[in-house]
Amino acid sequence: MAKVIQIKDIAAYEGQEVTLRGWVYNKTGKGRLQFVLLRDGSGQAQCVAFKKEMDPVQFEAVRALTQESSLSVSGTVRADERAPGIPGGFELGISKLEVLQAAQKYPITPKEHGAEFLMNHRHLWVRSNRQWAILRIRATIIKAMRDWLDDQGFLLVDTPIITPAAGEETTTLFEVDYFGEKAFLAQTGQLYNEANIMAFGKVYCFGPTFRAEKSKTRRHLIEFWMLEPEIAFCSLEELMDIQEGLVSYVVAQTLEKHARELAIIERDRQKLEAISPPFARISYDDAVAKLQELGARLDDPAAKAELAIEWGEDFGSPHETALAELFDKPVFVYHYPTKVKAFYMTPLADRPEVCRSVDLLAPEGYGEIIGGSERIHDEELLTANIDEMGLGREAYQWYLDLRKFGSVPHAGFGIGIERTVAWICGLSHVRETIPYARLLNRKYP
């Protein structure tokens, strides 16, 4: 009986008889020669059926194969540099096959399909080469993040998805009925991480987060995944060092492990190869000045209006893009106005209108991929902020308790997986970065 192998390992079995199991990605050929491009999740291989070398019934079965039919095929592996596939260069001479299920007419064909059609068929679209490559890169990005943090002494500690209060702002909460009581889907695991660092020093959580944000931009999802490290005895400057090391490692791992996937999606490797420490660091004050200077040079009134900004305003996508275009690597923007950031961020001692916060902006127009800050560790100041925002002390009493029993200066950040994947893969929209995107107007499939 022929050994069952994965296509990714086919080169190791040249001259041997093996069995492949998978799905028909494409089929071509005429008359006595048929070519089946088979995929099995690990790669693709060309399988060749020659009429005179096969049982007539088996050969007719090959001729009748439809796109995405599932089958088991056996034969001898042979080298052929012309053979297409992933990795390519080897093909299987078919001697025997078993059709497990003959697929009906497949809705996704080589012709051009619109984004809405493809998203409605996302459960099938994930089988295509491009989506296969993107989601494999996503998996490596996640693994690289966790590997780097684990190697740096961080501990994974899971945080709740159902919470009693807002972690960011009250306007983007998803409310749920918790056995007759009001609760919410988590916007972040950060507040719980702040409790966890008092036990473990350096922690991170990784999981889905939810924002009821009525946005249709190419950067926004309703449900997205976020990795959130939190560190005791950490300053903003040390936090930026950590982010810099993490992001550089993730990009390097992607380049090392996914040459073929990056080629499939036609990503410019040179832009990624430039990503290494150090990253530029500019203050919000300087960033606003740069944006005002850039705006003053523009002649187009519409473009000038889009870039217009006054001190104290938060950045929008045009501002982030314009700033990032000044650099060929990600850039840190730190010390944002307190009023545009969350209630838990530490204000500067001599400028309370500014807080010890930082965003990391990705190059090539991908905007913010990381947001972080030093957290308020003073109970009185944190209580005043909670009262001022009308959040209600009761839901945050446990969080305030952390400032009573051995409070320390600490900091942390959250990195959005989908925005990071979009940047590293060079994608125009985050909908391709997650297996099943949840958008403002989409919850199917």
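Starting from 1, residues in each chain are numbered consecutively following that chain's sequence as written. Given that the model is predicted, a residue must reach a pLDDT of at least 70 before its local features are reported, and side-chain atom pairs must reach 80 or more before they are shown or counted; all residues, however, enter totals for whole chains, interfaces and linings. To obtain the side-chain values, all non-hydrogen atoms of the structure were used and water was disregarded.

**Q** What am I meant to see in the overall build of the chain here?
**A** The number of helices and strands found in the chain is 14 helices and 17 strands. Contact criterion: two residues are considered in contact whenever any of their non-hydrogen atoms come within 4.5 Å of each other. The long-range fraction of contacts in the chain, counting pairs at least 24 apart against all pairs at least 6 apart in sequence, stands at 68%. A total of about 21,100 Å² of accessible surface is found on the chain, and carbon and sulfur atoms cover 51% of it. Charged residues are defined here as Lys and Arg on the positive side and Asp and Glu on the negative side; His and the ends of the chain fall outside this count. Working definition for charges: the position is that of NZ of Lys, CZ of Arg, CG of Asp or CD of Glu. In the chain, 52 positive and 64 negative side-chain charges are present, and the distance between their average locations comes to 10 Å. The helix and strand labels rest on DSSP assignments: H or I over at least four residues marks a helix, E over at least two residues marks a strand, and numbering proceeds from the N terminus. Reported accessibility uses the Shrake-Rupley method at a 1.4 Å probe radius. Residues are deemed covered only where the shown protein chains occlude them.

**Q** Whenever I open this one, the sheet that holds strand β12 (residues 223-232) confuses me. Can you help?
**A** The strands making up a sheet are joined through hydrogen bonds of the backbone, oriented either antiparallel or parallel. Taken together, the 8 strands give an open sheet; going across it, the order is β7-β11-β12-β17-β16-β15-β14-β13, and neighbouring strands pair in mixed fashion. Edge positions in the sheet fall to β7 (155-156) and β13 (280-283), since each of these pairs with one other strand and no more. Sheet topology note: the strand β11 (residues 202-210)/β12 ladder contains 9 bridges and is antiparallel. Across the sheet, residue V203 finds its bridge partner in β12, namely E230. Between the N-to-C directions of two axes lies an angle of 0 to 180 degrees, each axis being a line fitted to C-alpha atoms and, for a helix, fitted only over the stretch in contact. The sheet strands contacting helix α5 (residues 190-200) are β7, β11, β12, β16 (367-375) and β17 (410-416), and the helix crosses β12 at an angle near 35°. Its contacts with the sheet place helix α14 (residues 417-425) against β11, β12, β15 (357-362), β16 and β17, and it is angled at close to 60° to β17. At least two DSSP bridges between two strands are required for those strands to pair.

**Q** It is not clear to me how the packing of helix α4 (residues 129-151) against α14 should be interpreted in this structure. Could you clarify?
**A** Two packed helices can be described by the angle between their axes and the distance between those axes. With their axes 10 Å apart at the nearest point, α4 and α14 run at an angle of 120° to one another. When the interaxial angle is binned, α4 and α14 end up oblique. Between α4 and α14 the crossing geometry is right-handed. Between α4 and α14, the residues in contact are I134, I137, R138, I141, I142 and M145 and I417, E418, T420, V421, I424 and C425, respectively. Classification used: nonpolar for Ala, Val, Leu, Ile, Met, Phe, Trp, Tyr, Cys and Pro, charged for Asp, Glu, Lys and Arg, polar for all others including Gly. Broken down by class, the residue content of the contact of α4 with α14 amounts to 9 nonpolar, 1 polar and 2 charged. If an angle is under 35 degrees, it is roughly parallel; if it is over 145, roughly antiparallel; if it lies from 65 to 115, roughly perpendicular; otherwise it is oblique. Two helices cross in a left-handed way if the nearer one is turned anticlockwise from the farther one by less than a right angle. They cross in a right-handed way if the turn is clockwise.

**Q** Honestly, unusual backbone geometry in this entry has me stumped. Any pointers?
**A** Leaving glycine aside, a negative phi is the common case for residues, and trans is the common case for peptide bonds. Of note, the amide linkage connecting P277 to P278 takes the cis form, showing an omega dihedral of 0°. Its location among the elements puts P278 in the loop between α8 (269-273) and β13. Omega for the bond connecting Y444 with P445 falls within 30 degrees of zero, at -5°, which places this linkage in the cis form. By the secondary structure assignment, P445 is in the segment after α14. Non-glycine residue E68 carries a positive phi angle of around 75°. Its place among the elements puts E68 in the loop between α1 (56-63) and β5 (70-79). In this structure, E266 takes a positive phi of about 60° despite not being glycine. With respect to the helices and strands, the residue E266 is situated in the loop between α7 (259-264) and α8. Whether a residue is buried, partly exposed or exposed follows from its accessible area with a 1.4 Å probe, protein chains only, as a fraction of its type maximum: under 20%, in between, or over 50%, in that order. For E266, a relative accessible area of 72% translates into the label exposed.

**Q** Looking at this model, I keep getting lost on α4. Mind explaining?
**A** Turn by turn, an α-helix covers 3.6 residues, leaving residues three or four places apart pointing in a common direction. Each residue after the first adds 1.5 Å to the expected span of a helix. The end-to-end C-alpha distance of α4, which contains 23 residues, comes to 33 Å, matching closely the 33 Å that a straight helix rising 1.5 Å per residue would cover. Phi turns positive, to about 90°, at G153, one or two residues after α4.

**Q** What is the right way to look at the pattern of salt bridges in this model?
**A** A side-chain nitrogen of Lys or Arg and a carboxyl oxygen of Asp or Glu constitute a salt bridge if their distance falls within 4 Å. Going through the model one piece at a time under the given rule, you end up with 27 salt bridges. Between E293 and R297 there is a salt bridge, with its nearest N and O atoms 2.5 Å apart. Taken together, the positions of E293 and R297, both in helix α9 (residues 284-297) and 4 residues apart, correspond to about one turn of that helix. By relative accessible area, E293 is classed as partly exposed at 44%. What makes R297 exposed here is its relative accessible area of 56%.

**Q** Would you mind showing me how to read the sheet that holds strand β9 (residues 175-178) here?
**A** Here 3 strands make up an open sheet; going across it, the order is β8-β10-β9 and the pairing antiparallel. A strand with exactly one partner marks an edge of an open sheet, and here the two such strands are β8 (162-163) and β9. Of the strand pairs in this sheet, β8 and strand β10 (residues 181-185) are connected by 2 bridges, and their pairing is antiparallel. Bridge pairing in β10 places T163 opposite F184.

**Q** Is there a simple way to think about the environment of L97 in this case?
**A** Topologically, L97 is positioned in strand β6 (residues 85-101). Residue L97 is classed as buried on the basis of its relative accessible area of 6%. Spatially, the C-alpha atom of L97 lies 56 Å from that of D241, the residues being 144 residues apart in sequence. Ignoring sequence-local partners within four residues, the contact set of L97 consists of M54, Q58, A61, V62, L65, L71, S72 and V73.

**Q** For this particular structure, what's the right way to read the nonpolar core?
**A** Nonpolar side chains tend to gather and get buried jointly when the protein is soluble and globular. Within the largest apolar cluster, 61 residues are counted, with the highest numbers of intra-cluster contacts made by M145, L227, L239 and W423. Here the element with the most residues in this core is α4; it accounts for 10 residues. Not counting residues up to four positions away in its chain, the partners in contact with L227 are M145, R146, L149, Y204, C205, F206, F413, G414, I415 and I417. Throughout, nonpolar core names a set of buried Ala, Val, Leu, Ile, Met, Phe, Trp, Tyr and Cys residues whose side chains join them through atoms within 4.5 Å. Core analysis: the next-biggest nonpolar cluster, separate from the first, contains 23 residues, Y13, A45, C47 and A49 among them.

These values are about where atoms sit, not about what they do.
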